[in-house]
Amino acid sequence: MDSTSDDSTPAEFDEAALYGVVRKAVEDAILGVLGTLLLVGVALVIVLAGVGTMTRTGGPAVTVFGGLVTALGLYLGAVTLGVIPPVSERF
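Residues numbered from 1 in each chain as written. Predicted model: local features only at pLDDT ≥ 70, side-chain atom pairs only at ≥ 80, totals over all residues. Heavy atoms only, no water.

S.K.: Any chance you could explain the overall build of the protein chain here in plain terms?
M.R.: Along the protein chain, the regular secondary structure elements total two helices and zero strands. Looking at the protein chain as a whole, 11% of its 91 residues qualify as buried. For the protein chain, contacts bridging at least 24 residues in sequence account for 37% of all contacts bridging at least 6. In the form shown here, the protein chain has an accessible surface area of approximately 7200 Å², with 71% of it arising from carbon and sulfur atoms. (Helix = DSSP H or I, 4+ residues; strand = E, 2+ residues; numbered from the N terminus. Buried < 20%, exposed > 50% of the residue type's maximum accessible area, 1.4 Å probe, protein only. Contact = heavy atoms within 4.5 Å. Areas by Shrake-Rupley, 256 points an atom, 1.4 Å probe, with all protein chains shown as cover.)

Here you go:
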């Protein structure tokens, strides 16, 4: 698509429409960053809770539960950061 008309003047564009598109894109980007930071924070809390549960004395069942919680937190963090694909994309 040519951005100039036949008489070599710049093609006009709607500044209000461009402003709306840019504003929406920036808003989506900011919300995406905040969502990622929140999910990574939740994953970190889950990992720390799992490690804390594993290190407590309470028998092998508590240790296994703590390991599962830690694995869940690590999985959530990896999916949030895009290291591995989510389970929903595998099926």
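From this point, the discussion proceeds with the structure in view.
S.K.: Just to check I follow, could you spell out helix α2 (residues 60-80) for this structure?
M.R.: Quick reminder: α-helices carry 3.6 residues per turn. Residues three or four places apart thus point the same way. Helix length check: α2 (21 residues) gives 30 Å between terminal C-alpha atoms against 30 Å at 1.5 Å per residue, within 8%. When α2 is considered as a whole, its buried residues turn out to be G66, T70, G73, G77, A78 and T80. All buried residues of α2 lie within an arc of 165° about the axis, which places them on one face of the element. Projecting away from the buried face of α2 at angles above 90 degrees are the exposed residues P60, A61, V64, F65 and L68. Against the buried residues of α2 lie α1 (15-55). (Expected span 1.5 Å × (residues − 1). Arc of directions from axis to C-beta.)

S.K.: I tried to follow the pattern of salt bridges on my own but got confused; where do I start?
M.R.: Two side chains with opposite charge may pair up if their charged atoms get near one another. Counting across every chain of the model gives one salt bridge. For D28, the salt bridge goes to K24, with nearest N and O atoms at 3.7 Å. Of this pair, D28 and K24 both sit in helix α1, separated by four residues, roughly a single helical turn. For D28, a relative accessible area of 41% puts it in the partly exposed group. (Salt bridge = Lys/Arg side-chain N within 4 Å of Asp/Glu carboxyl O.)

S.K.: Please clarify how a nonpolar patch on the surface should be interpreted in this entry.
M.R.: Taken together, the side chains of F13, L18, V22, V26, I30, L31, V33, L34 and L37 present a nonpolar region at the surface, about 870 Å² in accessible area. Relative to the helices and strands, L31 is located in helix α1. Take L31: its relative accessible area is 51%, and that puts it in the exposed class. (Patch = residues over 30% accessible without salt bridge, like charges linked within 9 Å, V, L, I, M, F, W, Y side chains within 5 Å.)

S.K.: Explain the packing of α1 against α2 here, please?
M.R.: Any two packed helices are characterised by the angle at which their axes cross and by the distance between the axes. Two elements in contact, α1 and α2, have axes whose closest approach is 7 Å; the angle formed by their N-to-C orientations is 165°. One finds that α1 runs roughly antiparallel with respect to α2. Seen from above, α1 lies across α2 with left-handed handedness. Contact residues: T36, L39, V40, V42, A43, I46, V47, G50, V51, T53 and M54 in α1; V62, T63, F65, G66, G67, V69, T70, G73, L74, L76, G77 and T80 in α2. Across the contact of α1 with α2, the residue classes break down as 13 nonpolar, 10 polar and no charged. (Axes fitted to C-alpha atoms, helices over the stretch in contact; angles between N-to-C directions. Parallel < 35°, antiparallel > 145°, perpendicular 65-115°, else oblique. Left-handed = near helix turned anticlockwise from the far one by under 90°. Nonpolar A, V, L, I, M, F, W, Y, C, P; charged D, E, K, R; others polar.)

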